[in-house]
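A structural walkthrough
The residues making up each chain are set out below.
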Amino acid sequence: MAALHTLLTFIFFYFVVLNHSGRFVNAQALIPPARFDGFVYKNRLSTGMDSIIIEAFLDPVCLDSRDSWPPLKRAVDYYGSRVSLVVHPFALPYHDNAFVSSRALHIANKLNASATYDLLELFFKRQEVFYSRATFNMSKATIVSQIVNLATTAVGNSYQSAVASGFTDRKTDLMTRVSFKYGCSRGVFGAPFFFVNGFALADGDSTMDYAKWRSIIDPLLKEQDME
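Residues numbered from 1 in each chain as written. Predicted model: local features only at pLDDT ≥ 70, side-chain atom pairs only at ≥ 80, totals over all residues. Heavy atoms only, no water.

As recorded in an unreviewed UniProt entry, the chain goes by the name Thioredoxin-like fold domain-containing protein, listed as coming from Rhododendron griersonianum.

Once that is clear, we can look at the overall build of the chain. Helices and strands together make up the secondary structure of the chain, namely eight helices and five strands. Buried positions account for 41% of the 227 residues belonging to the chain. Across the chain, contacts joining residues at least 24 apart in sequence account for 73% of those joining residues at least 6 apart. Entry remark: accessible area of the chain is about 13,000 Å², with carbon and sulfur atoms responsible for 59%. (Helix = DSSP H or I, 4+ residues; strand = E, 2+ residues; numbered from the N terminus. Buried < 20%, exposed > 50% of the residue type's maximum accessible area, 1.4 Å probe, protein only. Contact = heavy atoms within 4.5 Å. Areas by Shrake-Rupley, 256 points an atom, 1.4 Å probe, with all protein chains shown as cover.)

Another aspect to go through is helix 7 (residues 170–185). Its 16 residues give helix 7 an end-to-end C-alpha distance of 22 Å, which sits within 8% of 22 Å, the value for a rise of 1.5 Å per residue. All buried positions along helix 7 are accounted for by T172, D173, T176, S179, Y182 and G183. In the core, the buried residues of helix 7 are packed alongside strand 2 (52–58), strand 3 (83–89), helix 3 (98–111) and helix 6 (160–166). Here helix 7 starts with a cap whose side-chain oxygen sits 2.9 Å from the backbone nitrogen of K171, and that cap is D169. After helix 7 finishes, the residue G187 shows a positive phi value of roughly 90°. (Expected span 1.5 Å × (residues − 1). Polar contact = N/O pair within 3.5 Å; in protein donor to acceptor, adjacent residues only side chain to side chain.)

Written out as structure tokens, the structure is:
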């Protein structure tokens, strides 16, 4: 434990406090993007003072993200217009294909926003195909080609060339990076990770079932009805 503490202290001071010449360095500021990060579920985003907004940070190739999606979707559908959902793609660095799959979501959203969640669910349905072990002997080009085919299934066959070219578009690369940096700026350290009305849930870094979501949202709506 002492050795680990010493190593972490060294890393902090070397990369954060001092640069190679021994001078202090400034942390890189996060430049605000042109639009709010994330994908609005069913294009239903309420901005009123009495709105309830759930933010979910999900990794398309994360098992826990996959398992957390059905109960969350069920809860949001149950409440209808009283609850809004925004999903932020959060590419975990230890999942080999997380970044490229998150980038595919940005590409799909840009081409056909109504298909973004269809693609997310396709990733969850065929997730094992893109696990690190399954793609260990594949080239990056082969993996991207498979993801292009999957994304085309969601957005429509007429978009196949546009989806493919999206992976050479610098903007989609930057959008995916911004999503990750945005999550980090909010204190997100894993996926799934949830916020309700801007506050991180106490157990927001774990898979929650439908009953748990009801136990969180019902009291909030009840309090609003009493005001």
